[in-house]
Amino acid sequence: TISFYWATAPLYKLMWSDPVWFFKFALGLDPHYPGACGMEAGRHSVTYMLRGSATLTTIRIASLVNIFCINSFTVLSVTFAYISYLFIWRLFTLFVSVYPKLSSEFAVAFLMIPSALFWGSGLSKDTIMNGAIMAVVYCFYKLFILKKVTFRHVFMFLVSAYIIALIRGFILFTVLPCL
């Protein structure tokens, strides 16, 4: 979590000094971490974070969210956790509405298992994946089972599936057949 922040913090400064270069990187138009940020983020080396495309995608997403978090590690981590738990909560309430007799079992599975709480919080790939998987399942149910086709659900489904494909594409091969 801290390493992702150390890789994201210099991008916040770049956004204010050279917004064109920042958005080229953040939107994936430039596949390389901006040289203006240096390979070192302050006194913390982040070179090992810049090797994989999944890690760079996470840094890109974090840099866009960080604009609204004013380059604060705490605010950025809480924002990531909030977004992830928003989708966890939506899927939990959806499952409870479909199977009301299993509400306590769903509460344990979605809200009380420590590993789900741990991996669903903070600034990491796992937080993004957790929220995106929950969003894909939630939107799939709304679109294809309930047949409530809204722009918001279509957009959220496509963006979440795209994010999953960018960070951990193999998860789509697991989730989609289950849907």
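Here, the structure is the one placed above.
Residues numbered from 1 in each chain as written. Predicted model: local features only at pLDDT ≥ 70, side-chain atom pairs only at ≥ 80, totals over all residues. Heavy atoms only, no water.

> Would you take a moment to explain a nonpolar patch on the surface for this structure?
Taken together, the side chains of Phe23, Leu27 and Leu29 make up a nonpolar region of the molecular surface, amounting to roughly 320 Å² of accessible area. We classify Leu27 as exposed; its relative accessible area is 56%. (Patch = residues over 30% accessible without salt bridge, like charges linked within 9 Å, V, L, I, M, F, W, Y side chains within 5 Å. Areas by Shrake-Rupley, 256 points an atom, 1.4 Å probe, with all protein chains shown as cover. Salt bridge = Lys/Arg side-chain N within 4 Å of Asp/Glu carboxyl O. Buried < 20%, exposed > 50% of the residue type's maximum accessible area, 1.4 Å probe, protein only.)

> Where do I start with unusual backbone geometry in this structure?
In terms of backbone geometry, most residues other than glycine have negative phi values and most peptide bonds are trans. Although it is not a glycine, Asn71 sits at a positive phi angle of roughly 60 degrees. With respect to the helices, strands and loops of the structure, Asn71 is situated in the loop between α3 (53-68) and α4 (73-98). Here Asn71 falls in the buried class, since its relative accessible area comes to 16%. Within the chain, Lys147 stands out as a residue other than glycine whose phi angle is a positive 60 degrees. Structurally, Lys147 is set in the loop between α7 (125-145) and α8 (151-168). (Helix = DSSP H or I, 4+ residues; strand = E, 2+ residues; numbered from the N terminus.)

> Can you walk me through the side chain of Lys125 in this structure?
With respect to the helices and strands, Lys125 occurs in helix α7. Here Lys125 sits buried without a salt bridge, and the closest side chain of opposite charge, Asp126, lies 7.4 Å off (N-O distance). With residues near it in sequence (within four places) discarded, Lys125 still touches Phe4, Ala54, Thr55, Thr58, Ile167 and Arg168. (Lys, Arg positive; Asp, Glu negative; His and termini not counted. Contact = heavy atoms within 4.5 Å.)

> Explanation requested: the environment of Leu86 in the structure shown.
Tracing the sequence through the fold places Leu86 in helix α4. Leu86 sits 15 residues away from Lys101 along the chain, and the two C-alpha atoms are 23 Å apart.

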